[in-house]
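Geometric and topological summary
Listed below, chain by chain, are the residues.
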Amino acid sequence: MTGLTYADYLRMDDLLSLQSPRTPHTADRAVVLAEQFFIITHQASELWLKQIASDLDAAAEALRPPHQPEDLELSAEFLARTVELLRVLHEQLAALEKLPVRYFAEFRPYLAGASGAQSAQFRVLAGLLGNDRGGGSLYQAYRSAAEHLGLSVAEVCARGVGAGVLHRLAEALLDIGNGYWRWKVTHLALVSRMIDQRDGTGGTSGAGHLARRIALPFPELRRLRSLRYPD
């Protein structure tokens, strides 16, 4: 036994020192705590984004040929976890609805030019998932996996459960796409509630900027799957 403690393992002192509201301590305590809530929520989101991006990158790597059957199952596990983590991200944004607008208005000037639009991990995730015009690197890896097994994505969708793990992977991708879209829509709703038509702190058009970037990933997969269930 090394004597490692829970606090040491998680570096609790470092972790709990990372929240530094810029609202003066002389301000109303409710405003200071509101900014702390805002910071914690965004820091936690960035941590989950780190895990999501890592899992999706690992899932894509497991899909790329040559691969073994167990690699595809491993990819499915990574994708299933991502579905749940996107749900966590969504719930964190929903929690921010409990941030009173009057308090946000008081500490917002202290954000200066800082903005969620500057998140590097947002861009990493977008590169993995793609948008409503085309699939990102994750979908390209999935398509390569299907082709390596002698099937097109269209054939996988047509076979349904008969395609085995490829079917489960396709369904997981669609669940991820839906979760990603829901997270983006919730973010837009939250920003609209907080700043209405005002510009974002990072110089963007605020809600308008977010609205233009909401996308439902994996358009080809969604189109091909819909052919199996025509109206």
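Our structure's up above, just so we're on the same page.
The following paragraphs examine the structure supplied in this document. The numbering scheme is per chain: residues are counted from 1 as the chain's sequence reads. Reporting in this predicted model follows two pLDDT cut-offs: at least 70 for local features of residues, and 80 or more for side-chain atom pairs to be given and counted; totals over whole chains, interfaces and linings ignore these cut-offs and use all residues. As a rule here, side-chain values come from all non-hydrogen atoms in the structure, and water together with hydrogens is ignored.

**Brief notes about the overall build of the chain**
What counts as a helix is a DSSP run of H or I of at least four residues, what counts as a strand is a run of E of at least two, and both are numbered from the N terminus. Helix and strand counts for the chain stand at eleven helices and two strands. The dimensions of the chain, computed from C-alpha atoms along their principal axes, are 65 × 55 × 25 Å. With a 1.4 Å probe rolled over the protein chains alone, any residue whose accessible area is under 20% of its type maximum counts as buried; one over 50% counts as exposed, and the rest are partly exposed. In the chain, which comprises 231 residues, the share counted as buried stands at 41%. Counting only contacts in the chain whose residues sit at least 6 apart along the sequence, the fraction spanning at least 24 positions is 74%. Methods summary: accessible areas were calculated by the Shrake-Rupley approach with a probe of 1.4 Å, and residue burial reflects only the protein chains presented. Surface accessibility of the chain: about 13100 Å² in total, with carbon and sulfur atoms responsible for 55%. The averaged location of the 26 negative side-chain charges in the chain is 6 Å from the averaged location of its 25 positive side-chain charges. Working rule for contacts: check all heavy atoms of both residues, and any pair within 4.5 Å makes them a contact. Just so you know, the count uses Lys and Arg for positive and Asp and Glu for negative, and it drops His and the chain ends. The atom standing in for a charge is NZ when the residue is Lys, CZ when it is Arg, CG when it is Asp and CD when it is Glu.

**Focus on unusual backbone geometry**
It is generally the case that most residues other than glycine have a negative phi and that most peptide bonds are trans. Of note, the bond from P65 into P66 is cis; its omega dihedral lies within 30 degrees of zero at -5°. When you line up the elements, P66 lands in the loop between α3 (29-63) and α4 (69-95). The backbone of F218 sits at a positive phi, close to 60°, despite the residue not being glycine. As for its position among the elements, F218 is in the loop between α10 (207-211) and α11 (219-226).

**Section: the environment of L216**
With respect to the element layout, L216 can be found in the loop between α10 and α11. Separated by 137 residues in sequence, L216 and L79 place their C-alpha atoms 17 Å apart. Setting aside chain neighbours within four positions, we find L216 in contact with N131, D132, G177, N178, W181 and R222.

**Focus on the nonpolar core**
Residues L56, L79, L138, Y142, L169 and L221 are the most contacted members of the largest nonpolar core, which totals 54 residues. Of all elements in the fold, only α3, α4, α5 (101-107), α6 (120-129), α7 (137-148), α8 (153-159), α9 (165-195) and α11 reach the threshold of two or more residues within this core. Setting aside anything within four residues of it in sequence, one finds L169 in contact with L63, L72, S75, A76, L79 and Y142. What is meant by a nonpolar core is a set of buried Ala, Val, Leu, Ile, Met, Phe, Trp, Tyr and Cys residues, joined one to another through side-chain atoms within 4.5 Å.

**What to know about the layout of surface pockets**
Rolled over the atoms, a probe as big as a water molecule pinpoints where empty space is left. Considered as a void within the structure, the second largest pocket measures approximately 330 Å³ in volume. A pocket here means an open set of points on a 1 Å grid, computed over the protein atoms alone, that has protein on both sides within 12 Å along at least five of seven lines. A cavity is instead a set of points where a 1.4 Å probe fits but cannot get out; residues with an atom within 4 Å of a point line either one. In terms of lining, the second largest pocket is formed by L10, R11, D14, L15, L16, L18, Q19, I40, Q43, A44 and L47. Mapped by element, the contributors of at least two residues to the lining of the second largest pocket are α2 (12-16) and α3. Per-element accounting of the lining of the second largest pocket gives the leading share, four residues, to α3. All residues other than Ala, Val, Leu, Ile, Met, Phe, Trp, Tyr, Cys, Pro, Asp, Glu, Lys and Arg, Gly among them, are scored as polar; the first ten of these are nonpolar and the last four charged. Tallied by class, the residues present in the lining of the second largest pocket amount to seven nonpolar, two polar and two charged. Grid points are joined across faces, edges and corners, and a volume is the space filled by probe spheres set on the points.

**A short note on α7**
Taking 1.5 Å of rise per residue, the twelve residues of α7 would be expected to cover 16 Å, and the 16 Å separating its terminal C-alpha atoms lies within 8% of that figure. Looking only at α7, the buried set comprises L138, Y139, A141, Y142, A145 and A146. Within α7, the buried residues cover an arc of 155° as seen down the axis, which keeps them to one side. Trailing α7 by a residue or two, G150 shows a phi angle of about 85°, which is positive. Given a helix with a known number of residues, its expected span is that number minus one, times 1.5 Å. The arc refers to the directions leading from the helix axis to the C-beta atoms.

**So, the side chain of E35**
Of note, E35 is situated in helix α3. Salt bridges, as used here, are contacts in which a Lys or Arg side-chain nitrogen is within 4 Å of a carboxyl oxygen on Asp or Glu. Put simply, E35 is tucked away with no salt bridge, and the nearest opposite charge, on R22, sits 5.9 Å away. For E35, the residues in contact, after removing those within four places along its chain, are P21, R22, T23 and F107.

**Brief notes about the pattern of salt bridges**
Going through the model one piece at a time under the given rule, you end up with eight salt bridges. When the shortest N-O distance is used, the salt bridge between E61 and R64 registers 3.1 Å. Overall, R64 belongs to the partly exposed group, its relative accessible area being 33%.

**Brief notes about empty space enclosed by the protein**
Within the structure shown, the criterion is met by one cavity of 30 Å³ or more. The space that makes up the largest cavity amounts to roughly 60 Å³. If you trace the largest cavity, you find it lined by V156, C157, G160, H167, A170, E171, R225, R228 and Y229. Contributions of two or more residues to the lining of the largest cavity are made by α8 and α9. It is α9 that contributes the most residues to the lining of the largest cavity, three residues altogether. Of the residues assigned to the lining of the largest cavity, the class counts are four nonpolar, two polar and three charged.

As far as function goes, none of this settles anything; it's purely spatial.
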